[in-house]
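Each chain is listed here by its residues.
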Amino acid sequence: MRPTAKDLAAEAGVSLATIDRVLNGRPGVKPRTITKVNEAIDRIGFVRNLSAVNLARKKSYQFRFLLPEHGDQFLDVLVSHIDEAKTAFSAEMVDATTVRLPAEDPYRLAAYLGSLDASLVHGIAIMAPESPQVRDAINRLLERGIEVVQFIAGQPKAVSTDFVGINNYAAGATAAQLMGRFLGGQKGKIIVTSETMQSRDSIDRRLGFDEVMNREYQDLQTLPSIETHSDLARTRKIFNNIVTNYPDILGIYVLSSEARIPIEEMSKITTQPLVKIVHERTPFTEAALQNGQIDAVIAQNPGHLVRSAIRILKARNDQREPLASQEKIRIEILLKENL
C-alpha cells in the first residue's frame with residue numbers, strides 16, 4: 001500500500017496538521033520543518049492523492065475548448081471527443097465545454113479571452129490562427145491564473161509553451177515523401193492548398209513539404225500556396241485557372257484539416273489521375289480513401305488530442321509538470337489498407 005499522510009507525519013516526526021500546512025503551502029511552518037517533511041516524502045515515496053483531496057474539498061476544474069466557429073467535419077469530430085472526454089473525466093471533477101468563435105477575427109477572440117473570470121474558468125485549450133492580439137490575450141490569461149494549452153494551431157510567441165498537436169513541420173515533410181514516392185520519378189507540378197496561410201500549422205507543413213521536395217524530388221515543382229477560405233466559388237475559380245495554365249499537374253496536397261471542398265472541386269474540374277494527400281481523419285477522408293478519391297491521410301488522433309489537453313490543464317492547475325511522454329501526439333499515415 002502506498003504511504004499515507006499519517007505515515008508521512010510519523011516519518012517526519014511532526015503532526016498531521018503540520019503535514020497539511022506543508023503540502024498546501026500554508027504559512028506558519030519553520031523552514032527546517034518544511035525540509036524535514038520534504039526529505040521524508042523522498043524517503044518513503046509519498047504521493048499525494050489529489051483526486052481524493054479535490055473530492056473532499058469539492059474542487060472542480062472548469063476547462064473550455066475554444067474552437068473556430070466555422071469549419072468542416074474535423075471540428076465536428078473534435079467536438080464529439082470533447083463531449084466524450086467530459087463524461088470520462090467527470091469522476092476527476094473535470095468539466096470540459098466547447099466554445100465556438102470566428103477564428104478569422106483576432107479582436108473578438110482577444111475580447112472573449114479578456115472577459116474570462118479566473119474564479120469560474122481554470123483553463124483554456126485554444127485553436128486559433130497566430131496573431132498578436134490572441135498571443136497578448138493568452139499572456140494576460142496566464143497572468144490572471146488561467147492556464148492555457150495551444151491546441152493543434154500554435155501561438156509560438158506566447159508565454160505558454162504547452163502545445164498539443166503533431167509536429168507540423170515533420171507532417172509536411174512526411175507528405176512530401178509520400179507524394180514523391182507515389183509519383184515515382186515523374187516530372188510535373190504539385191498544387192498546395194489551405195483554407196488560410198495565416199494558420200501556423202499550414203505554414204509549418206508547407207515549410208516541411210518544400211524542404212523535402214526541393215532536396216529529394218527536384219523534378220516535381222510545387223506551386224505557390226492557394227488559400228480557399230472554405231469558399232466553394234473561389235476554390236472552383238482558382239482550380240480552373242491552374243488546370244488551364246498548367247497541364248502537367250500531377251498531385252495536390254491539402255495543408256489544412258478540411259479537405260472536402262478542394263478534393264471534390266478538383267475531381268469535378270479534371271479527370272486526370274492525381275496523387276492526393278490530405279490531413280485528418282474525418283467521415284469524408286475515410287470514404288475518399290476507400291473509393292480511391294485520395295491516396296493518403298496524415299492524421300493525429302483526435303481523442304488523444306482532447307485527453308492530452310485536459311491532462312495538461314489539470315496538471316498545471318495542480319502545480320504539477322505534465323508527463324511529456326504521455327502527451328506526445330504521433331503522426332499517423334492512413335491508407336485504404338489500414339483504415
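Above this note sits the structure.
In this report, the structure presented in the accompanying data block is examined. Since we're looking at a predicted model, the values are computed, not measured.

Let us now look at the nonpolar core. Phe-65, Leu-78, Phe-151, Phe-209, Ile-277 and Ile-310 are the most contacted members of the largest nonpolar core, which totals 50 residues. Ranked by the residues each element gives to this core, the list is headed by helix H8 (residues 168-183), at seven residues. Ile-277 has contacts with Ala-175, Leu-178, Met-179, Phe-182, Ile-252, Tyr-253, Val-254, Ala-296 and Ile-298, leaving out every residue within four places of it along the chain. Listed in part, the 20 residues of the second largest apolar core include Val-254, Ile-263, Met-266 and Phe-284.

On inspection of all chains with the given rule, the structure shows 20 salt bridges. Glu-264 is the salt-bridge partner of Arg-260, the closest N and O atoms lying 3.7 Å from each other. Placement of the pair is Arg-260 and Glu-264 together in helix H11 (residues 260-269), with a separation of four residues, close to one helical turn. The partner of Lys-314 in a salt bridge is Asp-318, and the shortest N-O contact between them spans 3.7 Å. The residues Lys-314 and Asp-318 share a single accessibility class, namely buried.

What follows concerns the packing of aromatic side chains. Taken as a whole, this structure holds three aromatic pairs when the rule is applied. Ring centres of Tyr-61 and Phe-63 lie 5.9 Å apart, and the angle between their planes is 45°; on these two criteria the pair is classed as tilted. Each member of the pair, Tyr-61 as well as Phe-63, is classed as buried.

Turning to the sheet that holds strand E2 (residues 94-101), a few remarks are in order. Taken in spatial order, the five strands line up as E2-E1-E3-E4-E5 in an open sheet, and their pairing is parallel. Only two strands of the sheet have a single neighbouring strand rather than two, namely E2 and strand E5 (163-164). The pairing of strand E1 (residues 61-68) with strand E3 (residues 123-126) spans four bridges and is classified as parallel. Among the inter-strand pairings, Phe-65 is bridged to a residue of E3, identified as Ala-125.

With that out of the way, let us pick up the environment of Phe-151. Here Phe-151 shows up in strand E4 (residues 147-151). Between the C-alpha atom of Phe-151 and that of Glu-227, which follows or precedes it by 76 residues, the distance is 22 Å. Contact partners of Phe-151, with chain neighbours within four places excluded, come to Phe-65, Leu-67, Leu-78, Ala-125, Ile-126, Met-127, Val-164, Leu-305, Val-306 and Ala-309.

Conventions and cut-offs
Residues numbered from 1 in each chain as written. Predicted model: local features only at pLDDT ≥ 70, side-chain atom pairs only at ≥ 80, totals over all residues. Heavy atoms only, no water. Core = buried A, V, L, I, M, F, W, Y, C linked by side-chain atoms within 4.5 Å. Buried < 20%, exposed > 50% of the residue type's maximum accessible area, 1.4 Å probe, protein only. Helix = DSSP H or I, 4+ residues; strand = E, 2+ residues; numbered from the N terminus. Contact = heavy atoms within 4.5 Å. Salt bridge = Lys/Arg side-chain N within 4 Å of Asp/Glu carboxyl O. Phe/Tyr/Trp six-rings, centres within 6.5 Å; stacked < 30°, edge-to-face > 60°. Pairing = 2+ DSSP bridges.

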